[in-house]
Amino acid sequence: LLYDFATGLGIPVMVAGHNTMQHGRSEYHVFAQFDRVKDSDKYRLAQMQTGGCNRDGAAIEASVKLMMNRPEDVKLLFVISDGQPNDGQYTGSAAREDIQNIIKTAKRNGIEVFAAAIGSDKDKIKAIYGDGFLDITDLSAFPKMLTGMVKKRILRNI
């Protein structure tokens, strides 16, 4: 939905995914790149799968660094998660503090961070992302909720 919304309006968009496999090795995959939008992107996105653990802070930090070099005035980062951060010792308060520090860095660099969550860990994800949290359990309410949050952030930055 986000990809179609952004590309339909000519907004530069990148879609990436991440997981942590054996031996704590994080993998960061870019499925659609800024300035290289292709019709085939939506087919790659439809084939995304979950797997392994998730060290969200590393992936968010990588995305923030890529976005910091972008020329756009308004920069929005959406994290879509089906569970709380979990990779060995990277869980609970340590993971929450790591992500919150990365979000503070993002905000200092003009990047607004949102997290859309599904699943049983929604309360824990909301505790991490605060007012950037989106509950997308009811997808019919998602467009209105998303529009309201994005509008509020854009107007605040103008």
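Use the structure listed above.
Residues numbered from 1 in each chain as written. Predicted model: local features only at pLDDT ≥ 70, side-chain atom pairs only at ≥ 80, totals over all residues. Heavy atoms only, no water.

Help me understand the nonpolar core, please; the structure alone is not making it clear to me.
Here is a general trend for soluble globular proteins: nonpolar side chains tend to be buried in one another's company. In terms of nonpolar packing, the biggest core is built from 21 residues, with Ile-60, Leu-77, Val-79, Ile-99, Val-113 and Tyr-129 touching the most fellow members. Broken down by secondary-structure element, the contributors of at least two residues to this core are α3 (56-68), β3 (75-81), α4 (92-108), β4 (111-117) and α5 (122-129). Ranked by the residues each element gives to this core, the list is headed by α4, at five residues. The contact partners of Val-79, leaving out residues within four places of it in the chain, are Ile-60, Val-113, Phe-114, Ala-115, Ala-116 and Tyr-129. Core analysis: the second largest hydrophobic core is formed by eight residues, Ala-116, Ile-136, Phe-142 and Met-149 among them. (Core = buried A, V, L, I, M, F, W, Y, C linked by side-chain atoms within 4.5 Å. Buried < 20%, exposed > 50% of the residue type's maximum accessible area, 1.4 Å probe, protein only. Helix = DSSP H or I, 4+ residues; strand = E, 2+ residues; numbered from the N terminus. Contact = heavy atoms within 4.5 Å.)

Honestly, the packing of α4 against α5 in this entry has me stumped. Any pointers?
When two helices pack together, their arrangement is given by the angle between the helix axes and the distance between those axes. Orientation of α4 relative to α5, taken along the N-to-C sense of each, is 40 degrees, at an axis distance of 9 Å. It follows that α4 is oblique to α5 by the angle criterion. On α5, the residues touching Arg-96, Ile-99, Gln-100 and Ile-103 of α4 are Ala-127, Ile-128 and Tyr-129. (Axes fitted to C-alpha atoms, helices over the stretch in contact; angles between N-to-C directions. Parallel < 35°, antiparallel > 145°, perpendicular 65-115°, else oblique.)

What is the right way to read the packing of α3 against α4 from this model?
Put simply, α3 and α4 touch, their axes get as near as 9 Å, and they point 10 degrees apart. Classified by the angle between their axes, α3 and α4 sit roughly parallel to one another. The residues of α4 that touch α3, namely those facing Asp-56, Gly-57, Ile-60, Glu-61 and Val-64, are Asp-98, Ile-99, Ile-102 and Ala-106. Here the residues of the contact of α3 with α4 are counted per class, giving five nonpolar, one polar and three charged. (Nonpolar A, V, L, I, M, F, W, Y, C, P; charged D, E, K, R; others polar.)

Read these as geometric descriptors, not functional statements.
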